[in-house]
Amino acid sequence: MPAIKVRVNGRETAADVDERTLLATFIREQLEMTGTHVGCDTSQCGSCVVEVDGKTVKSCTMFAWQADGADITTIEGLADGDTLHPMQQAFRDHHGLQCGFCTPGMVMTAVAIAKQNPDPSVEEIRAALEGNICRCTGYQFIVEAVQAGAKAMRG
Amino acid sequence: MDTTPHKNRIGEAVRRVEDIRFLTGKGRYVDDVKLPNMVYAAMVRSPHAHADVKSIDASAALEIDGVLAVFTGADWKAAGYGPIPTKSAVKTFKDGSPLKEPPHHAMAIDRVRHAGEVVAVVVAETREIAREATEAVEVDYAPLPAVIGIKAALAPDAPQIWDIAPGNLCLDFELGNEEAQKKAFAAADHVVTLEMVNNRVTAVPIEPRGAVASYDKASDSYTLWNASQNIHANRDTIAEACLKIEKSKLHHIAPDVGGGFGAKNGVYPEPILVCHASKLVGRPVKWINDRGESFLSDTHGRDQISTVSLALDKDGTFRALRTETLGELGAYCATVGPFTPTGGSARTQGGPYKFDAIFYTAKAVFTNTALLDPYRGAGRPEASYQMDRIIDYAAANLGMDPQELRRKNLVPRDMLPMKTPMGLDVDSGDFPEVYKRLIAMTDRGGYEKRVKESAAKGLKRGFGVSAYLECTGGGPKEHAVVEFKDNGKVTLAVGSHSTGMGHETSFAQVLAGHLGIGMEDVEFRQADTDATPIGGGHGGSRGMEVGGSAVLQTARAVVAKGKEIAAHLFETSADKIEFEDGSFFEPGTNHTITIRDVIDASNDPDKLPDGLQPGCLNIGTTFERGIISIPNGAHAGEVEVDPETGVVKLVSYWVVDDFGTIVNPLLADGQVMGGVAQGVGQALMEEIVYDENGQLLTGSLMDYAMPRADDIPTMHLAFYEGAPTAKNLLGVKGAGEAGCVGAPPVVVNAVCDALKEYGVKHIDMPLTPEKVWRAIRAAGA
């Protein structure tokens with residue numbers, strides 16, 4: 001079993017992981033941070049998106065051991081105490097979620113979109129959400145939330 | 001979005017309470033339930049659509065380190081468990097004989113009847129070991145010919161799936177006046193007929209189904225956490241019919257549920273199997289479907305072939321409608337299964353249009369596929385599609401304007417209240433006004449310019465419209481209980497069930513608004529048979545209609561009881577007390593007391609009148625609706641079609657809905673948009689496909705196309721609030737399903753409009769590029 005060290009939401013963690021353990025499984029089962037969700041088995045739905053060393057990653061597409069030494073941010077690491085991250089707040093303000101299952105991955109992707117493109121158009125947001133499926137909202141309020149969240153993030 | 005406070009908070013776009021939990025990763029879904037000593041179950045699923053199970057050898061699986069148990073259909077039979085019964089509201093053939101209900105056991109006993117059916121269950125220390133061990137269970141199958149497709153199932157030489165169901169027929173059905181319909185057809189100037197397919201789709205809630213069961217030997221009882229939308233009825237079925245225990249022995253809980261759309265309404269095999277697994281190994285057992293298993297084992301929806309005939313006069317006046325439907329059920333009767341293609345699809349036949357007569361017939365048919373059960377709308381999307389497609393098809397064939405046909409034939413306001421030819425009581429609404437408002441939103445004046453702009457890009461532009469009639473309310477009774485706590489909070493427990501619709505907010509909004517208390521003081525409980533002992537769960541867009549009405553009724557009861565307390569404190573009589581904005585007062589005096597003080601008094605024996613006990617404001621009431629509500633509305637959209645590639649892009653979308661009173665416009669918008677996206681998905685890309693042997697070809701999200709953000713245009717929504725219904729206390733008509741009722745015909749009508757120059761008059765959904773491309777070529781040839 002590989003021994004890995006990762007920094008998750010600012011906290012150092014050392015763990016032994018099975019070679020086959022996916023990063024998503026490691027985060028959910030071993031770290032018991034269940035905000036990262038698994039909605040499919042073909043890396044389509046995007047519910048498991050986290051940030052690994054600044055890159056937006058579907059955590060079901062990499063093994064936990066591949067994250068050895070990495071700095072990881074999950075949905076649990078976005079808010080500042082009781083203050084929501086501007087993107088989380090925008091999702092709430094714009095009703096960008098219903099059942100909440102795709103939401104963690106959706107918000108993590110949205111933060112990445114805003115970081116890469118601080119003032120995205122509706123079309124750019126829709127294209128950039130290609131890797132995240134939501135079955136509840138019809139996307140429109142998510143798109144509005146991403147735009148508002150990006151605006152709030154650029155301050 | 002407006003956040004202005006409204007009187008009693010009805011109509012206010014309150015932001016959701018539950019969002020904080022979901023946005024910070026603190027939602028608790030079934031896969032987040034982790035119990036001490038918990039182990040895992042995995043299903044061995046049949047690779048065959050139809051086969052005899054000759055033998056099962058689990059010895060190799062049992063030798064794997066960490067495997068605790070394997071059980072099979074033989075064990076299931078020996079344990080004496082009962083099959084899962086159907087609760088179809090239509091129970092008899094036309095001639096009165098009972099529907100053919102084959103025994104649907106939680107696992108195959110000796111024959112499998114669809115690919116994905118469970119034949120064995122492995123229980124192991126970890127999820128990975130359990131899955132791996134399923135591969136080591138050796139099952140000897142003797143394959144049988146599979147029956148795939150409705151027409152093939154009804155063919156005279158089709159293999160028989162069930163001995164009790166000759167011709168693979170579960171049920172036949174009719175509704176309406178055939179004699180009047182035939183008479184009207186004979187007298188009409190035109191009768192236009194089209195066979196149309198309502199494609200087989202599935203709900204794909206992003207949270208896969210799963211369950212955790214924990215058996216307690218001391219009390220001989222189970223706790224079941226289940227990604228279910230309907231814990232009360234399913235508790236009764238699982239306990240009494242299947243496990244054969246008293247229902248009090250099954251504590252059924254749905255934690256946060258990640259979407260349902262009907263696919264989590266019914267009783268499924270796996271939660272029952274994990275109850276047994278927990279009893280067998282003496283430890284809590286978790287099972288979570290993966291997505292591939294979900295496609296195989298979730299219920300599917302729609303899947304109807306209908307021959308629709310519209311009789312109309314040469315001036316375009318509709319006379320009569322006849323619909324003959326063949327609906328697929330899969331291998332067994334699902335919980336609601338046989339109802340959907342029969343009664344479920346019959347009720348809204350004819351939509352909001354005026355008819356002298358309507359006649360509907362249906363056959364519900366078994367095939368060797370996964371089961372069919374309600375998917376958002378459950379029959380109403382089918383009826384809406386049939387009606388609004390036959391209008392455009394008739395218009396195309398007779399050289400008429402489809403929008404003019406719609407406008408001309410909508411039931412006028414002065415005909416309401418009315419009973420439709422299908423027996424629905426329409427008490428309120430203004431269909432022509434709703435339609436007028438829709439068309440006014442769509443910028444018809446700019447259309448020709450947009451057509452030219454599309455043409456300049458080599459694209460054909462088309463416009464499509466639908467006008468729908470809904471019927472909502474689901475289970476008629478709902479229960480709401482409030483309990484005022486010492487810490488100033490009030491617990492609100494309601495037996496309906498939000499799987500994303502936002503009851504935690506909208507119900508608290510109704511309660512807090514009526515009582516004049518803060519929403520932050522309301523703690524919401526749902527979907528737990530201990531916390532909410534009575535309930536009707538989710539289904540039929542019933543949440544606000546019956547759940548919200550139960551909340552309001554309970555709030556009113558609290559106010560009535562509060563008046564007795566206030567009267568006692570003021571030394572007057574309760575009929576002199578009024579209540580407004582959170583205060584009880586006696587007009588003409590300086591007597592006033594806040595509800596907060598009355599709540600405090602309600603727990604103090606010294607402050608209560610004779611006859612009232614401490615805790616007397618902790619009240620539960622059951623609201624029971626009468627007849628179902630009739631939401632209605634109209635949708636429109638524009639598409640661009642690339643005739644070279646067949647690619648369709650939906651570019652504009654407009655909706656006007658009459659949902660009566662709107663409690664929270666933000667949440668209502670969300671329901672409509674989500675429904676529209678599902679309807680657009682069905683129209684453009686979604687389809688469950690089996691090959692001729694019953695192998696599922698669309699078994700993953702790589703194969704089953706779902707709408708992504710860039711498949712859906714910006715939607716423009718409006719509500720018509722001029723016609724609240726008197727059928728419930730809030731005046732609301734269900735908003736949950738209407739989006740996917742109205743959307744599919746809009747898309748297909750718009751594409752056929754775009755392609756009219758090629759002579760394309762109909763394409764069956766989904767309108768994939770290949771089908772559109774072929775339709776253009778076939779029409780041009």
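Cut-offs applied
- Residues numbered from 1 in each chain as written.
- Chains lettered and ligands numbered in written order.
- Predicted model: local features only at pLDDT ≥ 70, side-chain atom pairs only at ≥ 80, totals over all residues.
- Helix = DSSP H or I, 4+ residues; strand = E, 2+ residues; numbered from the N terminus.
- Rg over C-alpha atoms; globule rule 2.2 N^0.38 Å.
- Buried ≥ 20, exposed ≤ 12 C-beta atoms within 10 Å, placed from the backbone.
- Contact = placed C-beta atoms within 7 Å.
- Nonpolar A, V, L, I, M, F, W, Y, C, P; charged D, E, K, R; others polar.
- Pairing = 2+ DSSP bridges.
- Axes fitted to C-alpha atoms, helices over the stretch in contact; angles between N-to-C directions.
- pLDDT = per-residue confidence, 0-100.
- Parallel < 35°, antiparallel > 145°, perpendicular 65-115°, else oblique.
- Left-handed = near helix turned anticlockwise from the far one by under 90°.
- Expected span 1.5 Å × (residues − 1).
- Right-handed = clockwise from strand over helix to strand, strands pointing away.
- Core = buried A, V, L, I, M, F, W, Y, C linked by C-beta atoms within 7 Å.

Colleague: For the overall build of chain A, give the residues involved together with the corresponding values.
Modeller: Counting secondary structure elements, chain A contains five helices and five strands. A compact globule built from 155 residues would reach a C-alpha radius of gyration of about 15 Å, and chain A, at 15 Å, matches this within 12%. Along the first, second and third principal axes, the C-alpha atoms of chain A reach 45 × 30 × 25 Å. Per-residue burial over chain A gives 59% buried out of 155 residues. When contacts within chain A are restricted to residue pairs at least 6 apart in sequence, those whose partners lie at least 24 apart make up 62%.

Colleague: Which residues make up the overall build of chain B, and what values do they have?
Modeller: Tallying secondary structure elements over chain B gives 20 helices and 28 strands in all. By the compact-globule yardstick of 28 Å for 781 residues, chain B fits well, its C-alpha radius of gyration being 28 Å. Taking the principal axes of the C-alpha coordinates as reference, chain B spans close to 90 × 75 × 55 Å. In chain B, buried positions account for 60% of the 781 residues. Considering only intrachain contacts with a sequence separation of at least 6, the fraction spanning at least 24 residues in chain B is 80%.

Colleague: Break down the interface of chain A and chain B for me, citing the residues and quoting the values.
Modeller: Across the boundary between the two partners, chain A contributes 44 residues, which contact 44 residues of chain B. Sorting the residues of the side of chain A that touches chain B by element identifies α2 (86-93), α3 (103-116), α4 (122-128) and α5 (140-154) of chain A as the ones contributing at least two each. Grouping the constituent residues of the side of chain A that touches chain B by class yields 22 nonpolar, 15 polar and seven charged.

Colleague: Quick one: what's the story with the sheet that holds strand β11 (residues 250-253) of chain B, residue by residue and with numbers?
Modeller: Residues and elements named next belong to chain B. Taken in spatial order, the seven strands make up an open sheet running β3-β5-β1-β12-β9-β10-β11, and their pairing is mixed. Either end of the sheet is taken by a strand with one partner, and the two such strands are β3 (67-72) and β11. Within this sheet the neighbouring strands show an average axis-to-axis angle of 20°, counted without direction. As paired elements, strand β1 (residues 39-45) and strand β12 (residues 285-288) share two bridges and run parallel to each other. By the bridge assignment for β12, Tyr-40 is matched with Lys-286. Running at roughly 25° to β1, helix α4 (residues 127-134) makes contact with β1, β3 and β5 (118-124) of the sheet. Contacting β10 (221-226) and β11, helix α7 (residues 231-243) crosses the sheet at an angle of about 145° to β11.

Colleague: Summarise the confidence of the model for chain B; cite the residues concerned and give the values.
Modeller: Summary statistics for chain B give a mean pLDDT of 97 and a share of 99% for residues scoring 70 or more. The complex model carries a pTM of 0.98, and its ipTM stands at 0.98.

Colleague: Explain the environment of Ala395(B) residue by residue, including any values.
Modeller: Residue and element names in this part refer to chain B. Following the sequence through the fold, Ala-395 ends up in helix α11 (residues 380-398). Linking Ala-395 and Gly-316, residues 79 residues apart in sequence, is a C-alpha distance of 8.8 Å. Residues in contact with Ala-395, not counting those within four places in the same chain, are Met-400, Asp-401, Pro-402 and Leu-405.

Colleague: Pulling in residues and values, what's your account of the sheet that holds strand β5 (residues 71-73) of chain A?
Modeller: All names here are of chain A. Taken together, the five strands give an open sheet; going across it, the order is β2-β1-β5-β3-β4, and neighbouring strands pair in mixed fashion. Only two strands of the sheet have a single neighbouring strand rather than two, namely β2 (11-16) and β4 (55-58). Between one strand axis and the next, the sheet turns through 35° on average, direction left out of account. Where strand β3 (residues 49-52) and β5 come together, two bridges link them in antiparallel fashion.

Colleague: Break down the packing of α3(A) against α5(A) for me, citing the residues and quoting the values.
Modeller: All names here are of chain A. Contact geometry of α3 with α5 gives a least axis separation of 9 Å together with a crossing angle of 50°. By the angle class used here, α3 and α5 are oblique. Note on packing geometry: the crossing formed by α3 with α5 is right-handed. Residue-level contacts link Met-106, Ala-110, Ile-113 and Ala-114 of α3 to Ile-142, Val-146, Gly-149, Ala-150 and Met-153 of α5. Across the contact of α3 with α5, the residue classes break down as eight nonpolar, one polar and no charged.

Colleague: Kindly report on unusual backbone geometry, identifying the contributing residues and their values.
Modeller: Leu416(B) connects to Pro417(B) through a cis peptide bond whose omega is 0°. Mapped onto the elements of the fold, Pro417(B) is located in the loop between α12 (402-409) and β16 (418-419). That bond from Met765(B) to Pro766(B) is cis: its omega, -5°, falls within 30 degrees of zero. Mapped onto the elements, Pro766(B) comes out in the loop between α19 (738-754) and α20 (769-780). Positive phi, normally seen in glycine, also occurs at Tyr139(A), with a value near 75°.

Colleague: Could you give an account of helix α8 (residues 269-281) of chain B, naming the residues involved and the relevant values?
Modeller: Structural remark: α-helix, 3.6 residues per turn; residues separated by three or four positions point the same way. All names here are of chain B. The end-to-end C-alpha separation of α8 is 19 Å, in line with the 18 Å expected for 13 residues at 1.5 Å each. With 10 of its 13 residues buried, α8 lies for the most part within the structure. Every buried residue of α8 is accounted for by Pro-269, Glu-270, Pro-271, Ile-272, Leu-273, Val-274, Cys-275, His-276, Ala-277 and Ser-278. Looking one or two residues past α8, Gly-282 carries a phi angle of roughly 70°, positive in sign.

Colleague: Which residues make up the pairing of β11(B), and what values go with them?
Modeller: Looking along a regular strand, one sees the side chains alternate between the two faces of the sheet. All names here are of chain B. The two faces of β11 differ: Leu-250 and His-252 on one face are buried, but His-251 and Ile-253 on the other face are not. Note: β10 against β11, four bridges, orientation parallel. Looking at the pairing, Leu-224 lines up with His-252 of β11. One crossover worth recording links β10 to the parallel β11 by way of α7, and it is right-handed.

Colleague: Explain the nonpolar core residue by residue, including any values.
Modeller: What tends to happen in soluble globular proteins is that the nonpolar side chains get buried as a cluster. All names here are of chain B. Formed by 294 residues in total, the largest nonpolar core has its most connected members in Ala-41, Val-121, Val-122, Leu-492, Leu-511, Val-747 and Val-751. Among the elements that take part in this core, α19 stands out by supplying 11 residues, more than any other. Contacts of Val-751, omitting those with residues within four sequence positions, involve Gly-462, Val-639, Val-641, Val-648, Ile-763, Leu-767 and Val-772.

Colleague: Explain the packing of helix α16 (residues 543-570) of chain B against helix α17 (residues 595-602) of chain B to me, and be specific about the residues and the numbers.
Modeller: Residue and element names in this part refer to chain B. Remark: α16 packs on α17, axes separated minimally by 10 Å, with the N-to-C direction vectors making an angle of 85°. Here α16 lies roughly perpendicular to α17, going by the angle between them. Residues Gly-562, Ile-565, Ala-566 and Leu-569 of α16 form the contact with α17, whose own contacting residues are Ile-595, Val-598, Ala-601 and Ser-602. A breakdown of the residues in the contact of α16 with α17 according to their chemical character gives six nonpolar, two polar and no charged.

Colleague: I'd like a rundown of the pairing of β1(B), residues and numbers included.
Modeller: All names here are of chain B. A large share of β1 lies buried, amounting to seven of its seven residues. In this structure, β1 lies alongside β5, joined through six bridges in antiparallel fashion. Of the residues in β5, the one forming a bridge with Val-44 is Ala-120.

Colleague: Can you tell me about the environment of Cys40(A), naming the residues and giving the values?
Modeller: Inspection of the secondary structure puts Cys40(A) in the loop between α1 (23-30) and β3. Overall, the presence of 23 C-beta atoms within 10 Å leaves Cys40(A) in the buried class. Discounting residues that sit within four places of it in the chain, Cys40(A) has contacts with Cys45(A), Arg291(B) and Leu701(B).

Colleague: So what's going on with the environment of Gly495(B)? Which residues, and what values?
Modeller: Residue and element names in this part refer to chain B. Tracing the sequence through the fold places Gly-495 in the loop between β20 (490-494) and α15 (503-515). Placed 429 residues apart in sequence, Gly-495 and Gly-66 show a C-alpha to C-alpha distance of 40 Å. In this structure, Gly-495 is in contact with His-232, Glu-478, His-479, Thr-532, Ile-534, Gly-535 and Gly-536, ignoring residues within four places of it in sequence.

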